[in-house]
Amino acid sequence: MINLKNKTILLTGASSGIGLELSKKLDKEGAKLILVGRKFKNKELEGDHAYIEADFTKMEDIKILREEIGKHEVDILINVAGVGIYKSLEDLSLEDFYYSQQLNVMVPFLLTKMVLDNLKKSDIGLVMNIGSGAGTMPFKNRSAYCASKYGLRGLSLSLSEEYEGRKPSFCLITLGSTMTTFGGKSIEVQKEKVKNGNAIFPIEWVANKLVEILKDEKRKDEIVVYPGNEGFGKWVKPK
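Heads up: these notes are all about the structure in this document. (Residues numbered from 1 in each chain as written. Predicted model: local features only at pLDDT ≥ 70, side-chain atom pairs only at ≥ 80, totals over all residues. Heavy atoms only, no water.)

**What about the sheet that holds strand β5 (residues 126–130)?**
What the seven strands build is an open sheet, ordered β3-β2-β1-β4-β5-β6-β7; its pairing is parallel. Only two strands of the sheet have a single partner each, and these edge strands are β3 (50–53) and β7 (222–225). When strand polarity is set aside, the average angle formed by the axes of neighbouring strands in this sheet is 15°. Judged from the five bridges that link them, β5 and strand β6 (residues 169–175) form a sheet pairing that is parallel. Among the inter-strand pairings, L126 is bridged to a residue of β6, identified as S169. (Pairing = 2+ DSSP bridges. Helix = DSSP H or I, 4+ residues; strand = E, 2+ residues; numbered from the N terminus. Axes fitted to C-alpha atoms, helices over the stretch in contact; angles between N-to-C directions.)

**What about the packing of helix α3 (residues 94–121) against helix α4 (residues 143–162)?**
Where α3 contacts α4, the two axes come as close as 8 Å, and the packing angle between them is 15°. Between α3 and α4, the interaxial angle falls into the category roughly parallel. Here α3 runs over α4; the crossing is right-handed. In this structure, α3 contributes F97, S100, Q101, N104, V105, P108 and F109 to the contact, and α4 contributes S143, A144, Y145, A147, S148, K149, G151, L152 and L155. Partitioning the contact of α3 with α4 into residue classes produces nine nonpolar, six polar and one charged. (Parallel < 35°, antiparallel > 145°, perpendicular 65-115°, else oblique. Left-handed = near helix turned anticlockwise from the far one by under 90°. Contact = heavy atoms within 4.5 Å. Nonpolar A, V, L, I, M, F, W, Y, C, P; charged D, E, K, R; others polar.)

**What to know about the pattern of salt bridges**
Side-chain pairs of opposite charge can arise whenever the charged atoms involved come near each other. In the structure shown here, the tally under the stated rule is nine salt bridges. Residue D55 is joined to R38 by a salt bridge in which the shortest nitrogen-to-oxygen separation is 3.5 Å. Of this pair, D55 sits in the loop between β3 and α2 (59–69) while R38 sits in the loop between β2 (32–37) and β3, and the two are 17 residues apart along the sequence. Notably, a salt bridge pairs K209 with E212, separated by 3.2 Å at the nearest N-O pair. Residue K209 and its partner E212 are located together in helix α6 (residues 203–215), separated by three residues, close to a single helical turn. Residue K209 is classed as partly exposed on the basis of its relative accessible area, which comes to 21%. (Salt bridge = Lys/Arg side-chain N within 4 Å of Asp/Glu carboxyl O. Buried < 20%, exposed > 50% of the residue type's maximum accessible area, 1.4 Å probe, protein only.)

**With respect to the nonpolar core**
Counting residues in hydrophobic clusters, the biggest one holds 31 residues, and the most contacted among them are L26, I78 and I173. Among the secondary structure elements, those contributing two or more residues to this core are β1 (8–12), α1 (17–28), β2, β4 (76–79), β5, β6, α6 and β7. Sorting elements by how many residues they give to this core places α6 first, with five residues. With residues up to four places along the chain from it excluded, the contact list for L26 reads L4, I9, L11, A31, L33, I78, V211 and L214. In this structure, F56, A81, I85 and L92 belong to the second largest nonpolar core, which totals 27 residues. (Core = buried A, V, L, I, M, F, W, Y, C linked by side-chain atoms within 4.5 Å.)

**Points about the packing of α1 against α6**
Where α1 meets α6, the axes come as close as 9 Å, and the angle between the chain directions of the two elements is 55°. It follows from the interaxial angle that α1 and α6 lie oblique. The element α1 and its partner α6 pack so that their crossing is right-handed. Along its contact with α1, which presents G17, I18, E21, L22, K25 and L26, the element α6 presents I203, E204, V206, A207, N208, L210, V211 and L214. Of the residues belonging to the contact of α1 with α6, the class tally is nine nonpolar, two polar and three charged.

In structure tokens form, the structure reads like this:
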């Protein structure tokens, strides 16, 4: 089992949702965190961590991010940041589609390139990408999201083969629905779905599971984690 204490972890999407909850768990593990998010409401973690506010759509922010990351030796990269735009083709704009690919595929690619040399030297050297079941099956009115998550899955698994037997290693988490506001869903609506038996993960459960996977030296290249398989309700494909 890998000890995460004093290991430097670069985590995107750290200001909300899964990324925020995961940052709390990693802080308790004693990891040194480089936390990237759009806007941090507070910096409540106990450890002495680096906070970087960045908008991945702005080249100036990406340049600043590159400079800040360059000040650290990174052992693990966790790509949590993402966007879910759910629209029909008629309502989907070019900007919507491009933004989906940019944040969900291009950013993990760019960050992997930024820290690749460090990851090669690390005794851990790991890239964890948070994917989705929407990267394995089609959903109507989610073409932009599915295309981006299929893309992330292809990127991650292809790099797993490319770097087989050497650093860095790559792990794709194909994750099911989680209790967040991702995709414009409200927590109230999510809770109502849970009451009706829908399969949705508690966010703390997901964060704990991700830490468990990070510490597992025998983790697979792709790990499928669906709430219905873990006793959290019954999954029905959205109509």
